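Architecture and fold: a report
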Amino acid sequence: MAQIFKPSANTIAQVSLLGGAIVPLSVGLGIAALSRSPANTKVGVPLNQPVPFSHEHHVGQLGIDCRYCHTSVEKSAFAGFPPTETCMSCHSQIWTNSPLLEPVRKSYETGTPIRWTKVNKVPEFVFFNHSIHVNRGINCNTCHGAVNDMNITWKGNSFQMAWCLQCHRAPERYLHENEADTAAGLTPRQQVFNLYWKFQQDGVKHLDAHEQDLISGEDPVSFDKDEIAKGRKLVNKYGVKTQQLADCWICHR
Amino acid sequence: MSRWAPPSSYLVKAAILSGIAAASAGCHTDMWRQPKLAPLSESTLFPDGQASRPFVPGTIPRGYLREDSAFYTGFVNKKLVTKIPIPVTLQLLKRGQERFNIYCSPCHGRLGDGEGMIAHRGFSIRRKPGDYHTDRLRTMPIGHFYDVITNGYGAMFSYASRVEPHDRWAIAAYIRVLQLSQHATPAEYAEAGGPATTTP
């Protein structure tokens, strides 16, 4: 009987086996890479706003507390946007002729709210709550990036599920307290906001290593054994339910 | 020699799985935008375009019955209250300090002397934020401070929407602390256990 396959068929078979493995794999990895890239997640991309509001200016330089504008952040699920009245409490007296503030004045006169473009969003099937995170001393910059440096607000992290889970699975790598602040009687929640005040007063030099990471927008995760041990102490002190924190119902209810 | 299973069954499984993966990547829109309204979202139903509705005039939400005029207005029979209507504790003063630093210090400064950051950035040119250490304000009944926070004063806006009544009293109490602190005599200072200084 004549041979059906030529010897070269061996190579073809091997190459196609290999190709069969590599092509789907690289397509999969490609999609994964794409979905994590800024093109999809919009991390680090400033969005157009009706008024070029600058956190760098109002927080970093003027030292206004987050809660002056995002009043509900420490007691409710939402941080919320400030009503026009809040801007006008200052801008009725200062920079009253600035053309950049024209939409603010107009909104105040007509009573129609300014339409800010939302930068941070989770899908509506995800339950998120600000107050619990802030009350555990998790700084805004952990999730939002270096807000104190933003001229036009951008998104600091992807807010994809894997990103939330990397902390929910190991909160001890993120929880932190400033020992001097704790000794002075500041609660974890107060330390969140005190960081920006210290930064505005004394600059970045006088902050501890973890706080410097936060202020400069680095990921504040600790890999150091001692730091993790301290984090674990905080987990116990706050009574964080680590067993359940990564369960689906925590975020999908 | 053991027989090697035909690759086709693996390939079929792989093809089905990757088909599912590819198809499901594109089908998640309806749960992402659900037909519900969150605070601050917009609604076409109402003329002002806001989903959050203001109270209908005349309604009193649960817990918002404001019968106690001293506590909620700072006035009794049109006269300013002279005594804080809640117990003054260290905790209340600490709360007052925190709230003062958030909402008042940008203009009035952390000492209440009217030298805050915003005052320095041009606010004072038009209207200097009040200095709490004048004789007039030191002898002013405490209810005045509550009233200023609630209703504003001259160029200063009302802070009623951001500072709750209990916190307003806490701030008022803390303003008294600031006033005392700026007028303490060296003897009082020593009695309070402050660290020794060379400049009295």
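It should be noted that the structure appears before, not after, this text.
Our subject in this report is the structure included herewith. Being a predicted model, the structure only gives us computed values, none of them experimental.

1. So, the overall build of chain B
- Helix and strand content of chain B: ten helices and two strands.
- Its helices and strands taken in sequence order, chain B reads α-α-α-β-β-α-α-α-α-α-α-α from the N to the C terminus.
- Every one of the 200 residues in chain B was classed for burial, and the buried ones make up 31%.
- Considering only residue pairs separated by 6 or more positions, chain B has 46% of its internal contacts joining residues 24 or more positions apart.
- Total accessible area computed for chain B in this model is approximately 13700 Å², and 62% of it derives from carbon and sulfur atoms.

2. A word on a nonpolar patch on the surface
Residues and elements named next belong to chain B.
- A grouping of V12, I16, L17 and I20 is seen on the molecular surface, where their side chains present a nonpolar patch of about 400 Å² in accessible area.
- When you line up the elements, L17 lands in helix α1 (residues 8-24).
- Exposure remark for L17: the relative accessible area of 58% places this residue in the exposed category.

3. Focus on the nonpolar core
- In this structure, F100, Y103, I118, W169 and I171 of chain B are the most contacted members of the largest nonpolar core, which totals 35 residues.
- Elements with a minimum of two residues in this core: α3 (69-73), α4 (90-103), α6 (117-126), α8 (143-151) and α9 (165-183) of chain B.
- At eight residues, the largest contribution of residues to this core is made by α9 of chain B.
- Excluding residues within four positions of it along the chain, I171 of chain B makes contact with G96, R99, F100, C104, I149 and V163 of chain B.
- Residues A79, V134, L195 and Y196 of chain A belong to the second largest nonpolar core, which totals 14 residues.

4. Some points on the interface of chain B and chain A
- Contact residues are listed per partner, giving 32 residues for chain B and 33 residues for chain A.
- Across the chain B to chain A interface the summed buried area is about 3000 Å²; carbon plus sulfur atoms make up 56%.
- For the pair chain B and chain A, the interface holds four salt bridges.
- Among the salt bridges present, the one from E98 of chain B reaches R67 of chain A, with a minimum N-O distance of 3.0 Å.
- Our count for the contact surface shared by chain B and chain A stands at eight residue pairs in polar contact (both at pLDDT 80 or more).
- When residues of the side of chain B that touches chain A are traced back to their parent elements, those giving at least two are α2 (29-32), α4 and α6 of chain B.
- The greatest single-element share of the side of chain B that touches chain A, amounting to six residues, is contributed by α6 of chain B.

5. Concerning the packing of aromatic side chains
- Under the defined criterion, the tally for this structure stands at nine aromatic pairs over all chains.
- Taking the centre distance of 6.2 Å and the plane angle of 35 degrees together, the rings of Y68 of chain A and Y103 of chain B count as tilted. Residue Y68 of chain A is located in helix α4 (residues 66-69), and its partner Y103 of chain B is located in helix α4; the two belong to separate chains.
- We classify Y103 of chain B as buried; its relative accessible area is 4%.
- Measuring from centroid to centroid gives 6.1 Å for Y68 of chain A and Y159 of chain B, while their planes differ by 65 degrees, and the two rings are edge-to-face. Linking Y68 of chain A in helix α4 with Y159 of chain B in the loop between α8 and α9, this pair reaches from one chain into another. Each of the two residues, Y68 of chain A as well as Y159 of chain B, counts as buried.
- One aromatic cluster is present, built from ring pairs that chain together F100, Y132, F145 and Y174 of chain B.
- Sitting over the ring of F46 of chain B, R53 of chain B keeps its end group 3.7 Å from the ring centre.
- A cation sits over an aromatic face here: R110 of chain B above W197 of chain A, 3.4 Å from the ring centre.

6. Some details on the environment of N151 of chain A
Residue and element names in this part refer to chain A.
- Residue position: N151 is located in the loop between α8 (140-144) and α9 (161-168).
- On the basis of relative accessible area, N151 is assigned to the partly exposed category, the value being 45%.
- Not counting residues within four places of it along the chain, the set of residues in contact with N151 comprises F53, S54, H55 and E56.
- At 3.0 Å, the side chain of N151 and the side chain of S54 are in polar contact.

7. Comments concerning the side chain of T153 of chain A
- For T153 of chain A, the position within the fold is in the loop between α8 and α9.
- Under the relative-accessibility criterion, T153 of chain A is labelled buried at 18%.

8. With respect to the environment of R53 of chain B
Residue and element names in this part refer to chain B.
- Considering the arrangement of structural elements, one finds R53 in the loop between α2 and α3.
- On the basis of relative accessibility, which here comes to 37%, the residue R53 falls in the partly exposed class.
- Separated by 61 residues in the primary sequence, R53 and G114 have C-alpha atoms spaced 37 Å apart.
- Dropping the residues within four chain positions of it, R53 is found in contact with F46 and D48.

Here is what the cut-offs are and how they apply
- Residues numbered from 1 in each chain as written.
- Chains lettered and ligands numbered in written order.
- Predicted model: local features only at pLDDT ≥ 70, side-chain atom pairs only at ≥ 80, totals over all residues.
- Heavy atoms only, no water.
- Helix = DSSP H or I, 4+ residues; strand = E, 2+ residues; numbered from the N terminus.
- Buried < 20%, exposed > 50% of the residue type's maximum accessible area, 1.4 Å probe, protein only.
- Contact = heavy atoms within 4.5 Å.
- Areas by Shrake-Rupley, 256 points an atom, 1.4 Å probe, with all protein chains shown as cover.
- Patch = residues over 30% accessible without salt bridge, like charges linked within 9 Å, V, L, I, M, F, W, Y side chains within 5 Å.
- Salt bridge = Lys/Arg side-chain N within 4 Å of Asp/Glu carboxyl O.
- Core = buried A, V, L, I, M, F, W, Y, C linked by side-chain atoms within 4.5 Å.
- Buried area = accessible area lost by both parts, 1.4 Å probe.
- Polar contact = N/O pair within 3.5 Å; in protein donor to acceptor, adjacent residues only side chain to side chain.
- Phe/Tyr/Trp six-rings, centres within 6.5 Å; stacked < 30°, edge-to-face > 60°.
- Lys NZ or Arg CZ within 6 Å of the ring centre and 35° of its normal.

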